[in-house]
Amino acid sequence: MAFKERVFSGVQPTGNLHLGNYLGAITKFVALQDNYDCIYCVVDMHAITVWQDPAELTRNTREVTAAFIAAGIDPKKHIVFNQSQVAEHAELAWVFNCVARMGWLNRMTQFKEKAGKDRENASIGLYAYPSLMAADILIYRATHVPVGEDQKQHLELARDIAQKFNNDYAKSIEAHGFGEAFFPQPEPLIQGPATRVMSLRDGTKKMSKSDPSDYSRINLTDDADAIAQKVRKAKTDAEPLPGEEKGLEARPEADNLVGIYAALADTGKADVLREFGGAQFSAFKAALVDLSVAKLGPIGAEMKRLVNDSAYIDQVLADGADRARAIAAENMKAVKDIVGFVRR
Ligand code: TYM
């Protein structure tokens, strides 16, 4: 069955938006606007699966919204909103909690990493997180989901949930006139040279908001001096850059910096190595500083300007939520009919 094509993705407002979020996700969000109807969500309900200071959560929600707009997302043509303003996400997540199996969630590596050794003390929300994420996507019956590599397993789970719902309720779906399947199989879009940006201090660790070292990441709000310092201090090895991609194998730090350069320049790693093969890191890093400052500087400056205009940001979110809710409410009504809930 053919579903209307629609893009959905989300970013958690947990502070320190970084180059990984930008290259792995936000630049993709921007590019997809030309060919799809897009819905981009600041997932505040996901954020509280681990403790968030309330004032910080509010600030961070506005900051992610500002980053979306500063990076080039058009909130008039597409939909930008925060998750908690559309209650249908939570409503569908409950239904999905009853469709998903414990065994499926037990396999989620992100839960294991985030819960750490003290699993007994993790919130139920952290465990059920992927079920809410499936609801985020499927409440809009979205077909395409741009994300970084680290979200791949969650996307596979969303596909499993969609499939099981369609199977479990097949007769009811048919009886209510929705054909063979109510939910599409959402397709992950994970492409390009920067689907997994690594820490600048350790090329085997993902760049992350929660790394205690600020030198491990470039934040979108870093100024030119901070960017330059972090790139110059980034860990490397002693060899010059190779001429071909194969030469990056077993050189995680070199591979990471070349991938970052390629993504910022909107080319591939092979092109970057054609230009810099044989160069020392000092020369390559100088070029990377220039490119990073040229690309990120204006975005950081615009973010800072927008964050100060909280009335505008809140208006964008309220308007986006109204338009999102209209789609979500209709799909939730259908789900209620399919499941057999009596409604007015
Ligand atoms: P979050 O907030 O951790 O990250 C937002 C996006 O940034 C990508 N990303 C990276 N990409 C490349 N390299 C990195 N080092 C890196 N770090 C983060 C993430 O893959 C993500 O695309 N569960 C999601 C939020 C979410 C969502 C959704 C996404 C909630 N519901 C529905 C898509 C669809 C998350 O925690 O992303």
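Preceding this paragraph is the structure being described.
Here the residue numbering is sequential within each chain, running from 1 through the sequence in written order. In keeping with the model being predicted, local features are shown solely for residues with a pLDDT of at least 70 and side-chain atom pairs are shown and tallied solely at 80 or more, while totals for entire chains, interfaces and linings include all residues. Values shown for side chains rest on all heavy atoms present in the structure; no hydrogens or waters enter the calculation.

S.K.: An account of the overall build of the protein is needed here, citing residue identities and associated values.
M.R.: A count of helices and strands for the protein gives 14 helices and five strands. In this setup the radius of gyration rests on C-alpha atoms only. A globule is expected at 2.2 Å times the number of residues raised to 0.38. Here the C-alpha atoms of the protein give a radius of gyration of 21 Å, agreeing with the 20 Å that 2.2 N^0.38 yields for 344 residues. Along the first, second and third principal axes, the C-alpha atoms of the protein reach 70 × 45 × 45 Å. Every accessible area reported is derived by Shrake-Rupley at a probe size of 1.4 Å, with residue values counting cover from the shown protein chains alone. Summed over all atoms, the accessible surface of the protein reaches about 16100 Å², with 50% contributed by carbon and sulfur. In this text, helices come from DSSP runs of H or I with a minimum length of four residues, and strands from runs of E with a minimum of two, each type numbered from the N-terminal end.

S.K.: Tell me what's going on with the site of the ligand, and back it up with residues and numbers.
M.R.: Near the ligand you find 28 residues, and of these Q12, Y129, D136, D150 and V197 are the closest. Two N or O atoms form a polar contact when they lie within 3.5 Å of each other; inside protein one atom must be a possible hydrogen donor and the other a possible acceptor, and for residues adjacent in sequence the pair counts only when both atoms belong to side chains. Measuring from an oxygen atom of the ligand, one finds a side-chain N or O atom of N21 at 3.2 Å. In the environment of the ligand, a nitrogen atom lies 3.0 Å from a nitrogen or oxygen atom belonging to the backbone of M207. When the ligand is considered free in solution it has 710 Å² of accessible area, and contact with the protein chains removes 97% of it. Any residue with an atom within 4 Å of a point lines the site, the site being either a cavity, points on a 1 Å grid over the protein atoms alone where a 1.4 Å probe fits but cannot get out, or a pocket, an open set with protein on both sides within 12 Å along at least 5 of 7 lines. In this scheme, a molecule is assigned to a cavity or pocket if more than half of its atoms are within 2 Å of the grid points. Because more than half of its atoms lie within 2 Å of the grid, the ligand is assigned to the largest pocket. For the shell around the ligand, the secondary structure elements donating two or more residues are β1 (6-11), α1 (19-32) and α7 (124-138). The classification used treats Ala, Val, Leu, Ile, Met, Phe, Trp, Tyr, Cys and Pro as nonpolar, Asp, Glu, Lys and Arg as charged, and all other residues, Gly among them, as polar. For the shell around the ligand, the per-class residue count stands at 12 nonpolar, 11 polar and five charged. Definition of nearness: a residue and a molecule or strand are near each other if at least one heavy atom of the residue lies within 4 Å of the molecule or strand.

S.K.: Account for unusual backbone geometry, naming residues and giving values.
M.R.: Unlike most non-glycine residues, N16 shows phi in positive territory, near 50°. Overall, the relative accessible area of 33% leaves N16 in the partly exposed class. Positive phi, normally seen in glycine, also occurs at D266, with a value near 60°. Within the secondary structure, D266 sits in the loop between α11 (252-265) and α12 (269-276). Using a 1.4 Å probe on the protein chains alone, a residue whose accessible area is under 20% of its type maximum counts as buried, one over 50% counts as exposed, and one in between counts as partly exposed. In this structure D266 comes out as exposed when scored by relative accessible area, which is 71%.

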